[in-house]
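Each chain is listed here by its residues.
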Amino acid sequence: MQLTNALLVAIMFSTLVGLSLGGLLMNLSSIVVRDVPLSSGRRYMSWAGVLLALHLSLFWDTSLITRFEDWAFRGYLLIVLGPVLLLVTTQLLTAGVDSMDSDGLDGLYMRQARRFHWGLCAVSAWIVAASALINNGMVAVSWRFALLSAISLACVLRPRPSFLGWASLAAWILVLSEVIA
């Protein structure tokens, strides 16, 4: 079997996405084991669900990387940057669950909301840039992720609980419509 550049890039990409997904799943299982009441964490669980759908979507997109053979090092760096941003963003949401205080999951989320949404904004913007690279400048369906990036930026600028709840609903619609499409 011959290892091509595309296969090497895909292996690194899927490894990083898998690491990040594993961290998210371990965090969610920790919440279940600790028997944290989910009613105290609707916003947290909603954004965790958006992240989960985003992980699965990016993992599925690994096959697109293998179609692109002409890899230069800066293209490789751009492609690997996305899963790294996703890993950091996931850690921003999941950090502190083990030492959570009486505020519950939503209190934890509210303390991390700005940083988490900066990360989600960066991941969404990366998806648009990576789509342009892989599709030779054409950004086919990444308009949903451009909109997700704008929603995340709005969450940074307006981190009020009611707004963050509605924003998570909009993010769910965007990410699920991308997965279904």
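Within each chain, residues carry numbers counting from 1 in the order of the written sequence. It should be noted that, the model being predicted, local features are given only for residues of pLDDT at least 70 and side-chain atom pairs only at 80 or more, the latter also being counted only at that level, while totals for whole chains, interfaces and linings use all residues. Just so you know, side-chain values use all the structure's heavy atoms and leave hydrogens and water out.

**Student:** Can you tell me about the packing of helix α2 (residues 42-60) against helix α5 (residues 104-134), naming the residues and giving the values?
**Tutor:** Between α2 and α5, the least distance of the axes is 10 Å, while the angle of their chain directions is 25°. Classed by the angle they form, the pair α2 and α5 counts as roughly parallel. Classified by chirality, the crossing of α5 by α2 is left-handed. Across from Arg 42, Arg 43, Tyr 44, Met 45, Trp 47, Leu 51, Leu 54 and Leu 58 in α2, the residues of α5 making contact are Leu 105, Asp 106, Leu 108, Tyr 109, Phe 116, His 117, Leu 120, Val 123, Trp 126 and Ile 127. Gly is placed with the polar residues, together with every amino acid not listed as nonpolar (Ala, Val, Leu, Ile, Met, Phe, Trp, Tyr, Cys and Pro) or charged (Asp, Glu, Lys and Arg). Partitioning the contact of α2 with α5 into residue classes produces 14 nonpolar, 1 polar and 3 charged. Orientation is described by lines fitted to C-alpha atoms, with helices fitted over the stretch in contact, and by angles between N-to-C directions that extend from 0 to 180 degrees. Labels follow the DSSP assignment, with helices taken as runs of H or I lasting at least four residues and strands as runs of E lasting at least two, numbered in each case from the N terminus. Here is the rule for angles: anything less than 35 degrees is roughly parallel, anything more than 145 is roughly antiparallel, 65 through 115 is roughly perpendicular, and the remaining ranges are oblique. Here is the rule for handedness: rotate from the far helix to the near one, and if that takes an anticlockwise turn smaller than a right angle the crossing is left-handed, while a clockwise turn gives right-handed. Residues are treated as being in contact if the distance between any of their heavy atoms lies within 4.5 Å.

**Student:** Quick one: what's the story with the packing of aromatic side chains, residue by residue and with numbers?
**Tutor:** Stacked, tilted and edge-to-face are the three classes assigned to paired rings of Phe, Tyr and Trp, where Trp is represented by its six-membered ring and a pair needs centres within 6.5 Å; plane angles under 30 degrees give stacked, over 60 edge-to-face, the rest tilted. Here the structure, examined in full by the defined rule, presents 4 aromatic pairs. The interplanar angle of 25° and the centroid separation of 6.2 Å between the aromatic rings of Phe 13 and Trp 126 together place this pair among those described as stacked. Taken together, the residues span a long stretch of sequence, with Phe 13 in helix α1 (residues 5-33) and Trp 126 in helix α5 at a distance of 113 residues. For Phe 13, a relative accessible area of 2% corresponds to the buried category. Centre to centre, the rings of Phe 73 and Tyr 76 are 5.7 Å apart; their planes meet at 35°, and the pair counts as tilted. On the criterion of helical spacing, the pair formed by Phe 73 and Tyr 76 is a turn pair, its members being 3 residues apart in helix α4 (residues 73-94). Assessed through its relative accessible area of 60%, Phe 73 is described here as exposed. Only protein chains enter the calculation, and the probe is 1.4 Å; a residue is then buried if its accessible area is under 20% of its type maximum, exposed if over 50%, and partly exposed in between.

**Student:** Explain the packing of α2 against helix α7 (residues 161-180) residue by residue, including any values.
**Tutor:** Two elements in contact, α2 and α7, have axes whose closest approach is 9 Å; the angle formed by their N-to-C orientations is 20°. Between α2 and α7, the interaxial angle falls into the category roughly parallel. The handedness of the crossing between α2 and α7 comes out as left-handed. Contact residues: α2 offers Arg 43, Ser 46, Trp 47, Gly 49, Val 50, Ala 53, Leu 54 and Ser 57, while α7 offers Pro 161, Leu 164, Gly 165, Ala 167, Ser 168, Ala 171, Trp 172, Val 175 and Val 179. Grouping the constituent residues of the contact of α2 with α7 by class yields 11 nonpolar, 5 polar and 1 charged.

**Student:** Hey, could you go over α4 for me, with residue numbers and the actual values?
**Tutor:** Since there are 3.6 residues in each turn of an α-helix, residues three or four apart along the chain are aligned in direction. Take the residue count of a helix, subtract one, and multiply by 1.5 Å to get its expected span. With 22 residues, α4 should cover 32 Å at 1.5 Å per step; its first-to-last C-alpha distance of 32 Å lies within 8% of that length. Of all the residues in α4, the buried ones are Gly 75, Ile 79, Val 80, Gly 82, Pro 83, Leu 86, Thr 89, Thr 90, Leu 93 and Thr 94. Buried-residue contacts for α4 involve α1, α2, α3 (62-66) and α5. Gly 96, located one to two residues past α4, shows a positive phi value of around 95°.

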